[in-house]
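Residue-level listing of the chains:
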Amino acid sequence: MSVVKVKCPVCGSENVSKNGTSKVGKQQYICNNKQCHKSSFILDYTYNACKPEVKNKIIPMTLNGSGIRDISRVLKISTTTVMNCIKKKKNI
């Protein structure tokens, strides 16, 4: 049996506890750090758009002149997800 160190993807704290399972059956975790705003997270997401590193690439790709369809094709996410992420970042 191996032990996996789980860290919060937002604050990096190792003060994490299990928080049940998702509808798909994957283990959910919750960060116990009071300053962290993330409620719960999963270590291995099925859909790429749920990964924080993928969402962080959308805005720089937009600023470099990539279109919505191009971004969705490269990152393997839907165009709707790209549009919603761009709309949330109105202060570009």
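A brief report on the enclosed structure follows.

What counts and how
- All residue numbers refer to positions counted from 1 along the written sequence of the respective chain.
- For this predicted model, a pLDDT threshold of at least 70 governs which residues receive local features, and a threshold of 80 or more governs which side-chain atom pairs are given and counted, while totals over whole chains, interfaces and linings are taken from all residues.
- Side-chain numbers come from the whole structure's heavy atoms, not from hydrogens or water.
- Each helix corresponds to a stretch of at least 4 residues labelled H or I by DSSP, and each strand to a stretch of at least 2 residues labelled E; elements are numbered beginning at the N terminus.
- The buried label applies to any residue whose accessible area, calculated with a 1.4 Å probe on protein chains only, is under 20% of its type's maximum; exposed applies above 50%, and partly exposed to all values in between.
- One speaks of a salt bridge when a side-chain nitrogen belonging to Lys or Arg is within 4 Å of a carboxyl oxygen belonging to Asp or Glu.

1. With respect to the environment of Arg69
Assignment of secondary structure puts Arg69 in helix α2 (residues 68-75). The class of Arg69 is exposed, set by a relative accessible area of 67%. For Arg69 and Thr80, which are 11 residues apart along the polypeptide, the C-alpha to C-alpha distance reads 9.7 Å.

2. Here's the deal with the pattern of salt bridges
Evaluation of the coordinates by the stated rule reveals 1 salt bridge. Residues Asp70 and Arg73 are paired through a salt bridge, measuring 3.6 Å at the closest nitrogen-oxygen approach. Pair noted here: Asp70 and Arg73 are both in helix α2, with a separation of 3 residues, about one helical turn. In this structure Arg73 comes out as exposed when scored by relative accessible area, which is 58%.

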